[in-house]
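# Residue-level structure breakdown
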Amino acid sequence: MGDGPLLKMVGITKEFPGVKALKGVDFELRAGEVHVLVGENGAGKSTLMKILSGVYRPDSGRILINGKEVQITSPRKAQESGIATIYQEFNLIPYLSIVQNIFLGRELMTNTAIPRMNYREMRVKAKELLDSLGIQISPDTLVKDLSMAQRQMIEVAKALSLEARILIMDEPTSALTSREIEHLFDIVRALKASGMGIIYISHRLEEIERIGDRVTVLRDGEVIGTKDVSGLSTEELITMMVGREIGDLFPRERVSKGEVALKVEHLSRRNVVKDVSLEVHYGEIVGLAGLVGSGRTELARLIFGADRFDHGEIVISGRRVKGDHNPSASVRSGLSFLPEDRKEQGLCLSLSVANNVILASLRRLFPHRITSPRREMNVTLDYVRKLRIAIPSPFRAVKSLSGGNQQKVVLAKWLCTQSKVFIFDEPTRGIDVAAKAEIHGLMNELAEQGAAILMISSELPEILGMSDRIYVMHEGRIVKEFTRDEATQEEILRYAMGGVGGAA
Amino acid sequence: MRREPNVSRVPVSVRRVPGTFYILIIMISLASITIPGFGTVSNLLNILLQGSFLAIVACGATLAIISSGIDLSVGTVLSLSGVVTGLALHAGIPIALAILSGVLTGLICGIITGSLVAFVGLEPFIATFGMMSMAQGLGLVLSNGASIPGFQESFRWFGEGVVWKVPVPLIIALVIVACIWWLLRHTRLGLYIYAIGGSEEVAGWSGIEVGRCKLALYSISGCLAGIAGVLLAARMNSGHPTVGVGWEMDAIASVVIGGTPLTGGRGGVIGTMVGVAIVSVLRNILNMLRLSSPWQITLIGAIVVIAIGLDILLRRWRLALEG
């Protein structure tokens, strides 16, 4: 490797109709470094990376690799220039095998008269790649049967097979458990040592310290600064990102709690949820902690009526849930569910913001079954203002919004139903620091106004910062209940990992 | 050939037998017991012969559906090809060229729909729906709405002839099915068709030329419909402008019964052949029971729904057992 930077982007600009996404961005990546790229949603990180991976063309600016100017006109061109990207929504095809995915677009063919796919050779190479990453899965496994962490490793394997020198990782840990994150970090360190340059996009501040060498902050399409990670304080970083001081990340005053809003007794479903009892009071935020796969989301789905339960009882706002429990009945009895996967389950992506906001409240807003565009608009604008949703127009399709704004639209949709009982499943996953603080603020406001909130989260600081009480799940059971004062990260983790003889 | 232990040679996506295979077995067993004459060699051969034409058309439909598209034009393109071939023969053009003209007619229709889908960006439903109507209309115009009967012996051999007691159309169908199977399993185009059906965006980002793949697959589908049209004309000793009415539905039903979902991304031609067999056996049974054509249509619709419904229920049941 030469002394110059591996990658240099100079004066990159990009304009979309109505938005200047990038205003002359300079960015530099050295061989063998992990360069973290941070910024609020909408700051221009994704646009910059999509330019680098050939999805967008810049309006102006130059890209140099090893000092030589390159034109990246297509994803294929990016691959040929040694750039590989691991997108947040994985770039794999579920019903193809690992081998087929790794070599997609670059299949090896036999040298026979009529060339055909050389699966044997591809399989051997794939196996080598998987072995080098310490993954013990048959390369013929379909991607749909893999866990999120395994899919990510397949993406890494794909990047390695491309012999990429520049690897872009867009929020690689957002779907991983802490053990899987460790494994990923080990691999990132190994890649780094082999001279690869890694651009690492993340919202998790603690990861920046752990894995990053340098960090560049983007805000509103401009580079605010590039700094060495060592010696950079979290406060400094956050200030750079938002351009203002954020006070306490978890500001909170709590009023006294009211009556029981949601009560679950001895709830069971097969072997995913086992004999769970809990209650949430009005005016209270209750955290539900546990590792991925401990049954938290499954429990939430049972309460909401998305799945059927085998035994037990659910009482929502004093009303006992009958056997034919379903989401529609839940909504009518005033229960709201903000799902983990907001794109699939929380929003109709191609519908407008306005349509999404009123979607769950049609019965209330238009009791005579005839809709009124003006009413729809007024209601929507009301929530857009209240929740500070940043959109040019309520007619804009939600798929064009950033993650934080999308989550706010989901919240607006449920607020619009005027329900008093909320289940938040990972409310701030994939959302930047500032939007996160806003969502937390809104949750607190809700609780102060007397709403009951059950919050599932994998982020312990969030659980600890937000909750009045905390339940910990392990293997389908609730193994521990903490009050706010008793709980510490270590204690919660100990129970969540089954370290205390709770689970049978 | 040497095999690596542990690692099977077949990509998983094409290995499974569709659940509807058992439905086919049950249908055949029941029919053999209850309907006299069903189980005879001549009747079974008859079913295979009848199914050959559908099999060829359904191969094209399989490609379209795996790519998460659809081809509604195969039925009327089949009619048009038959008409063109008939006209060519009546005009005294040599047999080989007449056959070629029929096949080319199908190919050109396919290239047109394929281009509309790939480069203009029309939805496959719209593009092939348009072609369906155009081919039907053109067939009626060219034939003046009447059938074009009476061909020479040597042309009719392609529909009626036998080689070692095996009907010629069946042999051609088997060759085509084998080619399509090979295409899907051993060529880039085949894999890309699966990839496009799985996620067009991901396919494009992997450097696959999605447009060219779509053009290719609709061209193949059109070409196959052309071949089926020529063979059917030879079989019926006439080119008829409405002979293919409803064939696109039989083809789509065969594909879906065979386990390729309309959302695409998986499935395959082996499953489609099970679907073709089910549809063909069903038609044969209904004929033997002397059911009128309207009743046949009704029952076939019902069976399609039941077969796919059963498959879904079976799968759910299996999942419940595992989970």
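What you see is a predicted model; the values in this text were computed from it and never measured. (Residues numbered from 1 in each chain as written. Chains lettered and ligands numbered in written order. Predicted model: local features only at pLDDT ≥ 70, side-chain atom pairs only at ≥ 80, totals over all residues. Heavy atoms only, no water.)

## A closer look at the domain arrangement of chain A
All names here are of chain A. Split by domain assignment, chain A resolves into domain 1 (1–61 + 71–82 + 164–245), domain 2 (89–163) and domain 3 (283–308 + 324–496). On a C-alpha basis, the centres of domain 1 and domain 2 stand 26 Å from each other. Contacts between the two partners involve 15 residues from domain 1, matched on the other side by 13 residues from domain 2. The largest share of the area that domain 1 buries against domain 2 comes from Gln 79, Ala 164 and Ile 187, three residues that together contribute 36% of it. Across the domain 1-domain 2 interface, the total number found is 0 salt bridges. The interface formed by domain 1 and domain 2 holds 5 residue pairs in polar contact (both at pLDDT 80 or more) in total. It is helix H6 (residues 178–193) that contributes the most residues to the side of domain 1 that touches domain 2, 5 residues altogether. (Domains from an automatic or database assignment. Contact = heavy atoms within 4.5 Å. Buried area = accessible area lost by both parts, 1.4 Å probe. Salt bridge = Lys/Arg side-chain N within 4 Å of Asp/Glu carboxyl O. Polar contact = N/O pair within 3.5 Å; in protein donor to acceptor, adjacent residues only side chain to side chain. Helix = DSSP H or I, 4+ residues; strand = E, 2+ residues; numbered from the N terminus.)

## Examining a positive patch on the surface
A cluster of basic residues, Arg 319, Lys 322, Arg 332, Arg 363 and Arg 369 of chain A, forms a positive patch on the protein surface. One can find Lys 322 of chain A in the loop between strand S15 (319–320) and helix H10 (327–332). (Patch = residues over 30% accessible without salt bridge, like charges linked within 9 Å, V, L, I, M, F, W, Y side chains within 5 Å. Areas by Shrake-Rupley, 256 points an atom, 1.4 Å probe, with all protein chains shown as cover. Lys, Arg positive; Asp, Glu negative; His and termini not counted. Charge placed at Lys NZ, Arg CZ, Asp CG, Glu CD.)

## Re the nonpolar core
Residues Leu 167, Met 169 and Ile 198 of chain A are the most contacted members of the largest nonpolar core, which totals 132 residues. The element best represented in this core is helix H2 (residues 41–66) of chain B, accounting for 13 residues. For this core, the two domains that each supply at least three residues are domain 1 (1–61 + 71–82 + 164–245) and domain 2 (89–163) of chain A. Not counting residues up to four positions away in its chain, the partners in contact with Ile 198 of chain A are Leu 29, Glu 33, Val 34, His 35, Leu 167, Met 169, Val 188, Leu 191 and Lys 192 of chain A. Listed in part, the 73 residues of the second largest apolar core include Val 409, Ile 423, Leu 460 and Tyr 495 of chain A. (Core = buried A, V, L, I, M, F, W, Y, C linked by side-chain atoms within 4.5 Å. Buried < 20%, exposed > 50% of the residue type's maximum accessible area, 1.4 Å probe, protein only.)

## Overview of the interface of chain A and chain B
The partner chain B presents 31 residues to the 29 residues of chain A that form the contact. It is Ile 93, Tyr 95 and Arg 120 of chain A that lose the most area in chain A upon contact with chain B, and together they represent 21% of the buried surface on that side. On the surface where chain A and chain B come into contact, there are 1 salt bridge. Here Arg 188 of chain B ties to Glu 107 of chain A by a salt bridge, and the two come within 3.3 Å at their closest N and O atoms. Counting the contacts that link chain A with chain B gives 3 residue pairs in polar contact (both at pLDDT 80 or more). Elements that contribute at least two residues to the side of chain A that touches chain B include exactly helix H2 (75–80) and helix H4 (119–132) of chain A.

## Things to note about helix H5 (residues 148–161) of chain A
Residues and elements named next belong to chain A. For H5, spanning 14 residues, the distance from its first C-alpha to its last is 20 Å, which sits close to the expected 20 Å at 1.5 Å a residue. Burial analysis of H5 places 11 of its 14 residues in the buried class, the great majority of the element. Residues Ala 149, Arg 151, Gln 152, Met 153, Ile 154, Glu 155, Val 156, Ala 157, Lys 158, Ala 159 and Ser 161 constitute the buried set of H5. Of the residues flanking the end of H5, it is Glu 163, one or two places downstream, whose phi is positive at about 50°. (Expected span 1.5 Å × (residues − 1).)

## Let's talk about the confidence of the model for chain A
Overall, the predicted model of chain A reaches an average pLDDT of 84, with 93% of residues at or above 70. At the low end of the mean pLDDT range in chain A sits helix H8 (residues 234–242) of chain A, at 74; at the high end sits strand S18 (residues 452–456) of chain A, at 93. (pLDDT = per-residue confidence, 0-100.)

## Topic: unusual backbone geometry
With a phi close to 50°, His 266 of chain A is a non-glycine residue in the positive phi region. Along the polypeptide, His 266 of chain A turns up in strand S11 (residues 260–269). Positive phi, normally seen in glycine, also occurs at Asn 237 of chain B, with a value near 55°. For Asn 237 of chain B, the location among the structural elements is in the loop between helix H10 (210–236) and strand S4 (238–239).

## Notes on the sheet that holds strand S10 (residues 222–228) of chain A
Residues and elements named next belong to chain A. Reading across from one edge, S6-S7-S8-S3-S9-S10 is the order of the 6 strands in this open sheet, with mixed pairing throughout. Looking at which strands have only one partner, the edges of the open sheet turn out to be strand S6 (83–86) and S10. In this sheet, neighbouring strand axes are inclined to one another by 20° on average, regardless of whether the strands run parallel or antiparallel. As defined by bridge partners, strand S3 (residues 34–38) adjoins strand S9 (residues 214–219) across 4 bridges and the pair is classed as parallel. Directly across from Val 38, in S9, lies its bridge partner Val 217. Taken strand by strand, H5 contacts S6 and strand S7 (166–170), and its axis lies near 175° from that of S6. (Pairing = 2+ DSSP bridges. Axes fitted to C-alpha atoms, helices over the stretch in contact; angles between N-to-C directions.)

## Details of the environment of Tyr 200 of chain A
Residues and elements named next belong to chain A. Structurally, Tyr 200 is set in strand S8 (residues 197–201). Separated by 29 residues in sequence, Tyr 200 and Glu 171 have C-alpha atoms that sit 7.2 Å apart. Contacts of Tyr 200, omitting those with residues within four sequence positions, involve Val 34, His 35, Val 36, Leu 37, Met 169, Pro 172, Thr 173, Phe 185, Glu 207 and Ile 211. Looking at Tyr 200, its side chain comes within polar contact range of the side chain of Glu 207, at 3.0 Å.

## A word on the pattern of salt bridges
If you walk through the whole model with that rule in mind, you get 24 salt bridges over all chains. Among the salt bridges present, the one from Glu 33 of chain A reaches Arg 214 of chain A, with a minimum N-O distance of 2.8 Å. Residue Glu 33 of chain A is located in the loop between strand S2 (19–29) and S3, and its partner Arg 214 of chain A is located in strand S9; the two are separated by 181 residues in the primary sequence. The burial state of Glu 33 of chain A is the same as that of Arg 214 of chain A; both residues are buried. Of the charged contacts, one joins Glu 209 of chain B and Arg 212 of chain B as a salt bridge, the two residues approaching to 3.4 Å between their closest N and O atoms. By relative accessible area, Arg 212 of chain B is classed as exposed at 54%. Here the residues in one salt-bridge network are Lys 8, Glu 28, Glu 33 and Arg 214 of chain A, joined through shared partners.

## Digging into the sheet that holds S18 of chain A
All names here are of chain A. With mixed pairing, the 6 strands of this open sheet are ordered in space as S16-S17-S18-S13-S19-S20. A strand with exactly one partner marks an edge of an open sheet, and here the two such strands are strand S16 (335–338) and strand S20 (477–483). Neighbour-to-neighbour, the strand axes of the sheet open up by a mean angle of 20°, direction not taken into account. Against the sheet, helix H15 (residues 403–416) contacts S16 and strand S17 (421–425), and its axis sits at roughly 170° relative to S16. Of the strands in this sheet, strand S13 (285–290), S17 and S18 are in contact with helix H16 (residues 433–448), which crosses S18 at around 145°.

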